[in-house]
Amino acid sequence: DIVMTQSPDSLAVSLGERATINCKSSQSVLSTSNNKNFLTWYQQKPGQPPKLLISWASTRESGVPDRFSGSGSGTDFTLTISSLQAEDVAVYYCQQSYNTPRTFGQGTRVEIK
Amino acid sequence: QVQLQESGPGLMKPSQTLSLTCTVSGDSVTSGSYYWNWIRQPAGKGLEWIGRIYISGYTNYNPSLRSRVTMSVDTSKNQFSLTLTSVTAADTAIYYCARDLAAAGHFDYWGQGALVTVSS
């Protein structure tokens, strides 16, 4: 199984400041066939299912604010919230779909400082 | 608008068999573009992928649960289902159904989740 490890487990950021979440995979999730990273980011708010934010490591889904961005390749990835808003308080997960079983990071809780 | 809705027993006793159904609207389970998945989340914890099924009947299960899991599709009702045998307290979780694009593997639509509690 590909192990996904996120850091930190939680972080507190002031409103309007930058939040950065890291995700590391135990093996590369970059496909040589299409040169795409099979890495996805989700946001989960209390009492709700996860919401797809970013796919292919850096492609923002329709309707996702542009303050959310994803970067990285191979085994190291980053989700950045450029200017934290109150509605961004949530747990964020990375997930690999390079192979099965699909695996998720343990989650990073983002709070307001 | 694609919607998924889980339905299931809620409360179960150890050793029983869990059966959950996901009803899909706004899309068809016969679509060849998607896999249909089950994912679970114990309270306050992370996400665990249980497995997926394709319209052809092809299934793919998490090895950690493979011996106890079966998935199926009912095209007449536009539903897919999960069966988990010999449940224990460790199977207590919110169970989500979700769709993923076969070529990508990320989950774009999720149900609201069904809480399953296993307790004697």
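Everything discussed here concerns the structure shown above.
Conventions we followed
- Residues numbered from 1 in each chain as written.
- Chains lettered and ligands numbered in written order.
- Predicted model: local features only at pLDDT ≥ 70, side-chain atom pairs only at ≥ 80, totals over all residues.
- Heavy atoms only, no water.
- Helix = DSSP H or I, 4+ residues; strand = E, 2+ residues; numbered from the N terminus.
- Polar contact = N/O pair within 3.5 Å; in protein donor to acceptor, adjacent residues only side chain to side chain.
- Contact = heavy atoms within 4.5 Å.
- Buried < 20%, exposed > 50% of the residue type's maximum accessible area, 1.4 Å probe, protein only.
- Lys, Arg positive; Asp, Glu negative; His and termini not counted.
- Salt bridge = Lys/Arg side-chain N within 4 Å of Asp/Glu carboxyl O.
- Pairing = 2+ DSSP bridges.
- Axes fitted to C-alpha atoms, helices over the stretch in contact; angles between N-to-C directions.
- Core = buried A, V, L, I, M, F, W, Y, C linked by side-chain atoms within 4.5 Å.
- Phe/Tyr/Trp six-rings, centres within 6.5 Å; stacked < 30°, edge-to-face > 60°.
- Lys NZ or Arg CZ within 6 Å of the ring centre and 35° of its normal.

## Some remarks on the side chain of Gln41 of chain B
In step 1: Tracing the backbone through its elements, the reader meets Gln41 of chain B in strand β4 (residues 34-41).
In step 2: Side-chain polar atoms of Gln41 of chain B contact the side chain of Gln44 of chain A, separated by 2.9 Å.
In step 3: Side-chain polar atoms of Gln41 of chain B contact the backbone oxygen of Lys45 of chain B, separated by 3.0 Å.
In step 4: Beyond its immediate stretch of four places on either side in the chain, Gln41 of chain B contacts Gln44 and Tyr93 of chain A together with Gly46, Leu47, Ala93, Ile94 and Tyr96 of chain B.

## Thoughts on the side chain of Glu6 of chain B
Residue and element names in this part refer to chain B.
In step 1: Secondary-structure assignment places Glu6 in strand β1 (residues 3-7).
In step 2: No salt bridge forms around the buried Glu6; measuring N to O, its nearest opposite-charge neighbour Arg99 is 13 Å away.
In step 3: Polar side-chain contacts of Glu6 include one of 3.0 Å to the backbone nitrogen of Cys97.
In step 4: Among the polar contacts listed, one links the side chain of Glu6 to the backbone nitrogen of Gly113, at a separation of 2.8 Å.
In step 5: If we ignore the near neighbours within four places in the chain, the residues touching Glu6 are Thr21, Cys22, Trp38, Tyr95, Tyr96, Cys97, Gly111, Gln112, Gly113 and Ala114.

## Re the sheet that holds strand β8 (residues 79-84) of chain B
Residues and elements named next belong to chain B.
In step 1: Across the sheet, which stays open at both edges, the 4 strands sit in the order β1-β3-β8-β7 with antiparallel pairing between neighbours. One side of each edge strand has no neighbouring strand; the edge strands of this open sheet are β1 and β7 (69-74). Each strand axis lies, on average, 20 degrees off the axis of its neighbour in the sheet, ignoring direction.
In step 2: Alignment of β7 against β8, held across 6 bridges, turns out to be antiparallel. Of the residues in β8, the one forming a bridge with Ser72 is Ser81.

## Remarks on the nonpolar core
In step 1: Of all hydrophobic cores here, the largest spans 27 residues; its most connected members are Trp38, Phe80 and Tyr95 of chain B.
In step 2: Within the residue set of this core, elements represented by two or more residues are β3 (18-25), β4, β5 (48-53), β7, β8, β9 (93-101) and β11 (114-118) of chain B.
In step 3: Once you skip the residues sitting within four places of it in the chain, Tyr95 of chain B turns out to touch Glu6, Leu18, Leu20, Ile39, Arg40, Ile50, Leu82, Leu84, Gly113, Ala114 and Val116 of chain B.
In step 4: By size, the runner-up hydrophobic cluster in this structure holds 23 residues, among which are Met4, Cys23, Ile54 and Val110 of chain A.

## Some thoughts on the packing of aromatic side chains
In step 1: Across all of its chains, the model carries 14 aromatic pairs over all chains by this definition.
In step 2: Where Phe68 of chain A meets Tyr92 of chain A, the ring centres are 6.2 Å apart and the plane angle is 35 degrees; that geometry is what we call tilted. Taken together, the residues span a long stretch of sequence, with Phe68 of chain A in strand β7 (residues 68-73) and Tyr92 of chain A in strand β9 (residues 90-96) at a distance of 24 residues.
In step 3: For Phe68 of chain A, a relative accessible area of 1% corresponds to the buried category.
In step 4: Of the aromatic side chains, those joined through ring pairs into one cluster are Tyr42 and Phe104 of chain A together with Tyr96, Phe107 and Trp110 of chain B.
In step 5: Sitting over the ring of Tyr35 of chain B, Arg52 of chain B keeps its end group 3.8 Å from the ring centre.
In step 6: The ring of Tyr34 of chain B carries Arg99 of chain B above its face, with NZ or CZ at 3.6 Å from the centroid.

## What to know about the sheet that holds β7 of chain A
All names here are of chain A.
In step 1: Spatially, 4 strands are ordered β1-β3-β8-β7 in an open sheet, and the strand pairing comes out antiparallel. The two strands at the open ends of the sheet, each matched to only one other strand, are β1 (4-7) and β7. Taking the axes of each pair of neighbouring strands and ignoring which way they run, one obtains an average angle of 20 degrees across the sheet.
In step 2: Relative to strand β8 (residues 76-81), strand β3 (residues 19-25) is paired through 6 bridges, and the arrangement is antiparallel. Each bridged residue has a counterpart across the sheet, and for Lys24 the counterpart in β8 is Asp76.

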